[in-house]
Amino acid sequence: DDEIPLVVPEVNPQRIADYRRHGIIANPNCSTIQMLLALKPIADTVGIERVVVATYQAVSGAGRRAIEELGQQTLAIFRHEEGVAEVFPKRIAFNCLPQIDVFQDNGYTKEEMKMLWETRKILEIPDIALTATCVRVPVFYGHSEAVNVVTREPITPEAVRALLEKAPGVTVVDDRGTAGAWPSALDAVGQDATFVGRIRGDCSHVRGVNFWVVADNIRKGAALNSVQIAELLISDYL
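All of the points below concern the structure found in this document. (Residues numbered from 1 in each chain as written. Predicted model: local features only at pLDDT ≥ 70, side-chain atom pairs only at ≥ 80, totals over all residues. Heavy atoms only, no water.)

1. Description of the side chain of Asn29
Of note, Asn29 is situated in the segment before helix 1 (30-46). A polar atom in the side chain of Asn29 sits 3.0 Å from the side chain of Glu111. Not counting residues up to four positions away in its chain, the partners in contact with Asn29 are Glu111, Lys114 and Glu118. (Helix = DSSP H or I, 4+ residues; strand = E, 2+ residues; numbered from the N terminus. Polar contact = N/O pair within 3.5 Å; in protein donor to acceptor, adjacent residues only side chain to side chain. Contact = heavy atoms within 4.5 Å.)

Next comes the structure, spelled out in structure tokens:
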């Protein structure tokens, strides 16, 4: 709905003012929120032409029964039993499921299309090109994303790293000289920050850059983002 503000406080806090139209502020999709914290400073500095993202989303994004199903299936497998799939169409334990939400007429799932629709609305770049593949993985908490960006103006990976190190809500973990110096889903659990690592140039495009984004999908992807919106609403508009 064009008249309902869709807000990530670190990205478009000014849109909170639009709540007066209907008394509603919408919280974006968890996978969109963490990606946009990394995209915002890049878009503001050199512009973004295209985004290709693959998500690796924890089962907690599908609710309590999904968490229980992963646990039950994992225990069943260790007992040499076949786990029962009820929440998901196939077994999630030790598997990856390339469908989140229902399929649309264009072959994308609704989760994938939400990443496009929400990115255009929140960044206020209606012509940005974005294609997503959203995958449910056997992780309890923490969404991970592999993001490829083609910028409108050239930018080096070093410059991208410098931008992200100053970006609000972002923590860069990216030391190629140290084993494991990149963020994982477990690193993000219980943390407010969105973590970014594996920042590197795209060897297939002169204006391309790749990076890895991880966040707690229940915390920053839902609860924390809502609290941050409420705090700004109270301090600046009420």
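2. Notes on helix 1
Along its 17 residues, helix 1 runs 25 Å from first to last C-alpha, staying within 8% of the 24 Å computed at 1.5 Å per residue. Where helix 1 bends most, at Leu36, the angle is about 35°. For helix 1, the tally of buried residues reaches 14 of 17 residues, placing the bulk of the element in the interior. Within two residues after helix 1, Gly47 carries a phi angle of roughly 80°, on the positive side. (Expected span 1.5 Å × (residues − 1). Bend = angle between axes of the 7 residues up to and from the residue. Buried < 20%, exposed > 50% of the residue type's maximum accessible area, 1.4 Å probe, protein only.)

3. Regarding a nonpolar patch on the surface
On the surface, Phe140, Tyr141, Leu186, Val189 and Ile218 cluster together into a nonpolar patch covering about 450 Å² of accessible area. Among the secondary structure elements, Val189 is positioned in the loop between helix 5 (185-188) and strand 5 (194-201). By relative accessible area, which is 33% here, Val189 ends up partly exposed. (Patch = residues over 30% accessible without salt bridge, like charges linked within 9 Å, V, L, I, M, F, W, Y side chains within 5 Å. Areas by Shrake-Rupley, 256 points an atom, 1.4 Å probe, with all protein chains shown as cover. Salt bridge = Lys/Arg side-chain N within 4 Å of Asp/Glu carboxyl O.)

4. Things to note about the pairing of strand 5
Pairing between strand 4 (residues 170-172) and strand 5: 3 bridges, direction parallel. Residue Val172 lies in a different strand from strand 5, and its bridge partner there is Val196. When strand 5 meets strand 6 (residues 208-215), the two strands line up antiparallel, connected through 5 bridges. Across the sheet, residue Gly201 finds its bridge partner in strand 6, namely Val209. (Pairing = 2+ DSSP bridges.)

5. Quick word on the pattern of salt bridges
By the definition in use, this model includes 11 salt bridges. In this structure, Arg15 and Glu124 form a salt bridge, with 2.6 Å as the shortest nitrogen-oxygen distance. Taken as a pair, Arg15 in the segment before helix 1 and Glu124 in the loop between helix 3 (110-123) and strand 2 (129-136) lie far apart in primary sequence, 109 residues in all. Between Glu111 and Lys114 there is a salt bridge, and its shortest N-O distance comes to 3.6 Å. Note that Glu111 and Lys114 are positioned in helix 3 at a spacing of 3 residues, about one turn of the helix. Connected via shared salt-bridge partners are Arg15, Asp18 and Glu124.

6. Some thoughts on the layout of surface pockets
One number sums up the size of the largest pocket: a volume of about 180 Å³. Taken together, Tyr56, Val137, Pro138, Val139, Phe140, Tyr141, Gly142, Ser144, Ala185, Leu186 and Val189 make up the lining of the largest pocket. (1 Å grid on protein atoms, 1.4 Å probe; cavity = no way out; pocket = protein on both sides within 12 Å on 5 of 7 lines; lining within 4 Å. Points joined across faces, edges and corners; volume = space filled by probe spheres on them.)

7. Structural notes on the sheet that holds strand 4
Strand pairing in a sheet relies on backbone hydrogen bonds, with the paired strands running either antiparallel or parallel. With respect to topology, 6 strands assemble into an open sheet ordered 2-1-3-6-5-4, the strand pairing being mixed. Each having just a single partner strand, strand 2 and strand 4 make up the two edges of the open sheet. Taking the axes of each pair of neighbouring strands and ignoring which way they run, one obtains an average angle of 20° across the sheet. Packed onto the sheet, helix 4 (residues 157-166) meets strand 4, strand 5 and strand 6 and runs at close to 170° relative to strand 5. (Axes fitted to C-alpha atoms, helices over the stretch in contact; angles between N-to-C directions.)

8. Let's talk about the state of the cysteines
If you walk through the whole model with that rule in mind, you get 0 disulfides. Distance from the sulfur of Cys96, which forms no disulfide, to the nearest cysteine sulfur (Cys134) is 13 Å. Here Cys134 is not cross-linked by a disulfide; its sulfur's nearest cysteine counterpart is in Cys30, at 9.1 Å. When its relative accessible area of 0% is taken as the criterion, Cys134 is described as buried. (Disulfide = S-S within 2.5 Å.)

9. A word on the packing of aromatic side chains
Aromatic ring pairs are defined here through the distance separating the ring centres and the angle between the ring planes. Enumeration according to the criterion identifies 2 aromatic pairs in this entry. With a centroid separation of 6.1 Å and 85° between ring planes, the pair formed by Phe78 and Phe94 is classed as edge-to-face. A residue pair is termed long-range when its members are at least 10 positions apart, and Phe78 in helix 2 (residues 64-78) and Phe94 in the loop between helix 2 and helix 3 qualify at 16 residues. (Phe/Tyr/Trp six-rings, centres within 6.5 Å; stacked < 30°, edge-to-face > 60°.)

It is worth stressing that arrangement in space is one thing and function is another; only the former is reported here.
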